[in-house]
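Structure at a glance
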Amino acid sequence: MLIDASTIDGRRKGACLFCQEYFMDLYLLAELKTISLKVTTVCMQKPPPDFRTNFEATHPPILIDNGLAILENEKIERHIMKSVPGGYNLFVQDKEVATLIENLYSKLKLMLVKKDENKNNALLVHLQKINDHLAARGTRFLTGDTMCCFDCELMPRLQHIRVAGKYFVDFDIPKHLTALWRYMYHMYQLDAFTQSCPADQDIINHYKLQQMLKMKKHEELETPTFTTSIPVDLNEQ
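Source: prediction; values computed, not measured.

**Looking at helix α11 (residues 200–210)**
Think of an α-helix as 3.6 residues a turn; residues three or four steps apart then line up on the same face. For α11, a buried count of eight out of 11 residues is recorded, marking the element as mostly surrounded by other parts of the structure. Asp-200, Gln-201, Asp-202, Ile-203, Ile-204, Asn-205, Tyr-207 and Lys-208 are the residues of α11 that are buried. At its buried positions, α11 is contacted by α6 (104–114) and α8 (149–169). Backbone geometry just after α11 places Met-212 at a positive phi near 60°.

As structure tokens, this is what we get:
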């Protein structure tokens, strides 16, 4: 699989949400030993010559399976579900959960651009609904006690909300959303998330580029940091 490289150093994992989502899907299958997985980062600012030859200006994620290249997000999803061993089990059907997590990312982007209280509140209401769903189900993940495609979609978005929201508009996921924090705690324990997760600096730079903001001097020399701690004591809940 080819994923976006960091826009800071051009080598480590970048902050593309779709790249992380499919990386997580495939990592889970690799853990079950149904597939072998190799992930390569591609710097789109200076793509290697063979990448241009094969894919022109196509952006990752790009899935390569036995020499077949799948280039579009929907086609990658369909291929994992229908053609990758074990993939079918990841793609559970749950209309309630699908509706619950859609548009979450658009609310983050609006908050970062508009920077007003109403956009914060819209995101908070959405997070509260996800929290309430998790509390009502009482399961470790969105649809049960094993991960599925919806978790691979939601958790990278929650990480972007946490890191970029704090950096740009001082937004914090409220501590009283304990079911949501418990969910994030479980995700932080999983290799599928930690191995695919971009550094905080890459998430922040992803949005700096969207907002045409300049990188700090020598940012590429900073040691990458990863926010994976939990600000609440779940044992007290």
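Moving on from the coordinates now.
**Overview of helix α9 (residues 178–188)**
Burial analysis of α9 places eight of its 11 residues in the buried class, the great majority of the element. All of the buried residues in α9 are Thr-178, Ala-179, Leu-180, Trp-181, Tyr-183, Met-184, Met-187 and Tyr-188. The secondary structure elements touched by the buried residues of α9 are α1 (17–31), α7 (117–137), α8 and α10 (191–194).

**So, the environment of Tyr-27**
With respect to the helices and strands, the residue Tyr-27 is situated in helix α1. In the structure, Tyr-27 is positioned 166 residues away from Phe-193 in sequence and 8.9 Å away in space, judged by C-alpha atoms. Here Tyr-27 is in contact with Leu-37, Asp-191, Ala-192 and Gln-195, once residues within four sequence places are set aside.

**Focus: the nonpolar core**
With 66 residues, the main nonpolar core has Ile-80, Leu-127, Leu-158, Ile-173, Leu-180, Tyr-183 and Met-184 as its most contacted residues. The greatest single-element share of this core, amounting to 11 residues, is contributed by α8. Dropping the residues within four chain positions of it, Met-184 is found in contact with Met-155, Leu-158, Arg-162, Ile-173 and Ile-230. Core analysis: the next-biggest nonpolar cluster, separate from the first, contains five residues, Leu-2, Val-42, Phe-51 and Phe-55 among them.

Criteria and cut-off values
Residues numbered from 1 in each chain as written. Predicted model: local features only at pLDDT ≥ 70, side-chain atom pairs only at ≥ 80, totals over all residues. Heavy atoms only, no water. Buried < 20%, exposed > 50% of the residue type's maximum accessible area, 1.4 Å probe, protein only. Helix = DSSP H or I, 4+ residues; strand = E, 2+ residues; numbered from the N terminus. Contact = heavy atoms within 4.5 Å. Core = buried A, V, L, I, M, F, W, Y, C linked by side-chain atoms within 4.5 Å.

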